[in-house]
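Understanding the architecture of this molecule
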Amino acid sequence: MPSSVVRIGLLGCGVVGQGFLRLLRERERLIRDSVGATLRVTRVAVRDPAKHRECDLTGIRVATDPLAVANAEDVDLLIELIGGESMLEPVRAALQRGISVVTANKHLLAVHGGELERLAADSKSTIRSEASAGGGIPVLQALEHGLRTEHFQFLVAILNGTTNYILSTMERDGRDFAEALQAAQSLGFAESDPTLDLSGADTAQKLAILVRRAFRMDVAYGSIPTEGIIGMELEDLRQADRFGYTVKLLGIALLNSEGLDLRVHPAFIPKRYLLAAVRDEFNGIYLRGEATGSMLFYGKGAGALPTAQAVLGDVIVAAREFVAGVRFLGAAEKHEPERRLPLDAVRTKYYLRLIVEDRPGVLAQVAACLGGTNVSVAQMFQAEGIRGEASITILTHEARDRDVREAVKGIAKLPAVRKTPRTVRIFDI
Ligand SMILES: NC(=O)c1ccc[n+]([C@@H]2O[C@H](COP(=O)([O-])OP(=O)(O)OC[C@H]3O[C@@H](n4cnc5c(N)ncnc54)[C@H](OP(=O)(O)O)[C@@H]3O)[C@@H](O)[C@H]2O)c1
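These numbers come from a predicted model, not from an experiment.

1. Quick look at the environment of Ile-316
Relative to the helices and strands, Ile-316 resides in helix α12 (residues 304-324). Residue classification places Ile-316 among the buried residues on the basis of a relative accessible area of 16%. In the structure, Ile-316 is positioned 280 residues away from Gly-36 in sequence and 9.9 Å away in space, judged by C-alpha atoms. In contact with Ile-316, not counting residues within four places along its chain, are Ile-31, Ser-34 and Val-35.

Laid out in structure tokens, this is it:
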């Protein structure tokens, strides 16, 4: 006899948890019709049970121990909305006893995703994490279902709303980095400690999660070469505009015969690219598949209701599986051995901006450094500055990443170079 009630244990009742409970209440009938059973939250774990919340917890056992909820007999499905490494133990405990898990925890999936998926497969449960990458954009479900058998060669994505908001604000309003960061913080798009976002680590975590699903490869997110947007100057965005580009923090996964080229860094992208139109706090995931061709997934990467909707989408699939006694994700998924193209060998174009002494012969010295490592110049622009300085902007042809970095090291040592050269890769392929 199929279950008429699916009992849920909810870890966390903060921004996303409260959003989830609101959707659960407001969409009750639709959910029941979709699942074929009622979803009932039986237990919630929070840090402070006495705290006032914008949701009705009547009839729910509210306590402080996430592990006890994960192990409770009256929980058929665990939703983890606390976040962080400390959730590994409760999530493992649930999976080990065959309880499926839905989580928004990108750290957990990026660091332990492979292990947790194997654990789930062994115990005939599942772990889903739509909200962990791309927030409210249902890209992981698309990869899990409709695109499950597709072969992808190309995934390029804007996965961090904070940095995208900062770059968009700098470009549109002519504000400098510090002002744009402050605006992002005052609107609630950036944490009070925005290091994870600005350093690119948040994007690298989300990229690792997407790559596991799209390329069926387990990637340790810490092994992804990662650069963030700290140090980006307004002048770089102005120069990008001059040459027909816009600046985005990209998560890049390109598969070719040499291996998977994985990296996170800010990049100049042509204004004609669909991703160039992904502005402010929005995210965009561009995929190219063998059969499907190009696709762009676009939407909100965070926020209470977009994220809660992504969680609810996963919960509905997991609850249907529970009711039907089947599961669609897990053991069948064979992961390919990881074949990586090292960053040194990646071929890319570069933007360089130099502040130099404005005197004859300097340009020749710069050109000699570039030529010395086989980097050729595609375009150049020189502007006279103040105090006997000149600003030189160079766009290179495609060259090996290591060769450009070597050339830039040489340029930085030239006595006529007044400031550390600014460099940004150009993603135009
Ligand atoms: N917010 C977003 O837009 C967004 C987007 C995508 C993904 N996510 C992910 O979603 C998850 C939840 O984020 P959030 O924004 O909802 O966080 P949040 O507002 O800070 O809520 C966290 C919840 O966890 C509870 N909690 C924290 N530590 C606990 C502990 N040791 N034991 C028991 N309960 C504990 C808190 O309890 P108290 O309420 O009692 O303090 C709170 O209810 C995170 O993994 C986050 O990365 C969030």
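2. Notes on the side chain of Thr-126
Mapped onto the elements, Thr-126 comes out in the loop between α5 (106-123) and β6 (127-128). For Thr-126, a relative accessible area of 2% gives the class buried. At 3.2 Å, the side chain of Thr-126 forms a polar contact with the side chain of Arg-128.

3. Describing the site of the ligand
Close to the ligand lie 23 residues; Cys-13, Val-16, Asp-48, Arg-53 and Gly-303 are nearest. Within the side chain of Arg-47, a nitrogen or oxygen atom sits 3.1 Å from an oxygen atom of the ligand. A distance of 2.7 Å separates an oxygen atom of the ligand from a polar side-chain atom of Arg-53. Bound to the protein, the ligand loses 76% of the 900 Å² it would expose on its own. Of the residues that constitute the shell around the ligand, the class distribution is eleven nonpolar, seven polar and five charged.

4. Notes on the packing of helix α2 (residues 28-35) against α12
Their axes nearest at 9 Å, the elements α2 and α12 cross at an angle of 40 degrees. Viewed along their axes, α2 and α12 adopt a mutual orientation that is oblique. Seen along the crossing, α2 lies across α12 with a hand that is right-handed. Touching Ile-31, Ser-34 and Val-35 of α2 are Leu-312, Ile-316, Ala-319, Arg-320 and Val-323, all from α12. Here the contact of α2 with α12 is built from residues that sort into six nonpolar, one polar and one charged.

5. What about the packing of aromatic side chains?
One pass over the structure, following the stated rule, counts six aromatic pairs. Judged by centre distance (5.8 Å) and plane angle (40 degrees), the rings of Tyr-245 and Phe-268 are tilted. Taken as a pair, Tyr-245 in strand β8 (residues 245-256) and Phe-268 in strand β9 (residues 259-270) lie far apart in primary sequence, 23 residues in all. Under the relative-accessibility criterion, Tyr-245 is labelled buried at 9%. What makes Phe-268 buried here is its relative accessible area of 0%. Directly above the ring of Phe-381 sits Arg-242, whose terminal nitrogen or CZ lies 3.5 Å from the centroid.

6. As for the state of the cysteines
Evaluated as defined, the whole model comprises zero disulfides. Considering cysteine sulfurs only, Cys-55 is the nearest to Cys-13, which forms no disulfide, with 3.7 Å between them.

7. Thoughts on the UniProt feature "active site" (unreviewed entry) in the chain
Those residues carrying the UniProt feature "active site" (unreviewed entry) are Lys-206 in this numbering. Structurally, Lys-206 is set in helix α10 (residues 201-215). Classification of Lys-206 as buried rests on a relative accessible area of 8%. The residues touching Lys-206, leaving out its near neighbours within four places in the chain, are Lys-106, Ser-132, Ala-133, Gly-134, Leu-159 and Asn-160.

8. Describing empty space enclosed by the protein
For the structure on display, the rule yields one cavity of 30 Å³ or more. If you add up the space inside the largest cavity, you get close to 130 Å³. Residue lining of the largest cavity: 14 residues in total, with Ile-127, Arg-128, Ser-129, Leu-140 and Arg-213 positioned closest to the centre. Elements represented by at least two residues in the lining of the largest cavity include exactly α5, β6, α6 (139-144) and α10.

9. Regarding helix α8 (residues 177-186)
Those residues of α8 lying buried are Phe-177, Ala-180, Leu-181, Ala-183 and Ala-184. Down the axis, α8 shows its buried residues gathered within 160 degrees of arc, on one side only. Opposite the packed face of α8, turned more than 90 degrees from it, sit the exposed residues Ala-178, Gln-182 and Ser-186. Residues of α8 that are buried make contact with α7 (161-173) and α9 (195-198). Among the residues of α8, the N-terminal cap falls to Asp-176, whose side-chain oxygen and the backbone nitrogen of Ala-178 are separated by 3.3 Å.

10. Focus on the sheet that holds strand β4 (residues 77-80)
Strand order in this open sheet of six strands is β3-β2-β1-β4-β5-β6, and the pairing throughout is parallel. Strand pairing shows two members of the sheet lacking a second neighbour, β3 (61-63) and β6, which therefore form its edges. Both strand β1 (residues 5-11) and β4 contribute to a ladder of four bridges, which runs parallel. Counterpart to Ile-8 in the pairing with β4 is Leu-77.

11. Here we look at the domain arrangement of the chain
Split into domains, the chain comes out as domain 1 (5-136 + 303-324), domain 2 (152-300) and domain 3 (346-426). Taken over C-alpha atoms, the centre of domain 1 sits 52 Å from the centre of domain 3.

12. Description of the pattern of salt bridges
Inspection of every chain in the model, using the stated rule, returns 33 salt bridges. Glu-233 serves as the salt-bridge partner of Arg-353, at 2.7 Å between the closest nitrogen and oxygen. One end of the pair, Arg-353, is in strand β12 (residues 347-357); the other, Glu-233, is in the loop between α10 and α11 (234-242), with 120 residues separating them in the sequence. Owing to a relative accessible area of 5%, Arg-353 belongs among the buried residues under this scheme. Assessed through its relative accessible area of 27%, Glu-233 is described here as partly exposed.

Rules and cut-offs
Residues numbered from 1 in each chain as written. Predicted model: local features only at pLDDT ≥ 70, side-chain atom pairs only at ≥ 80, totals over all residues. Heavy atoms only, no water. Helix = DSSP H or I, 4+ residues; strand = E, 2+ residues; numbered from the N terminus. Buried < 20%, exposed > 50% of the residue type's maximum accessible area, 1.4 Å probe, protein only. Contact = heavy atoms within 4.5 Å. Polar contact = N/O pair within 3.5 Å; in protein donor to acceptor, adjacent residues only side chain to side chain. Near = heavy atom within 4 Å. Areas by Shrake-Rupley, 256 points an atom, 1.4 Å probe, with all protein chains shown as cover. Nonpolar A, V, L, I, M, F, W, Y, C, P; charged D, E, K, R; others polar. Axes fitted to C-alpha atoms, helices over the stretch in contact; angles between N-to-C directions. Parallel < 35°, antiparallel > 145°, perpendicular 65-115°, else oblique. Left-handed = near helix turned anticlockwise from the far one by under 90°. Phe/Tyr/Trp six-rings, centres within 6.5 Å; stacked < 30°, edge-to-face > 60°. Lys NZ or Arg CZ within 6 Å of the ring centre and 35° of its normal. Disulfide = S-S within 2.5 Å. UniProt positions renumbered as here; feature names shortened; annotations may be inferred. 1 Å grid on protein atoms, 1.4 Å probe; cavity = no way out; pocket = protein on both sides within 12 Å on 5 of 7 lines; lining within 4 Å. Points joined across faces, edges and corners; volume = space filled by probe spheres on them. Arc of directions from axis to C-beta. Pairing = 2+ DSSP bridges. Domains from an automatic or database assignment. Salt bridge = Lys/Arg side-chain N within 4 Å of Asp/Glu carboxyl O.

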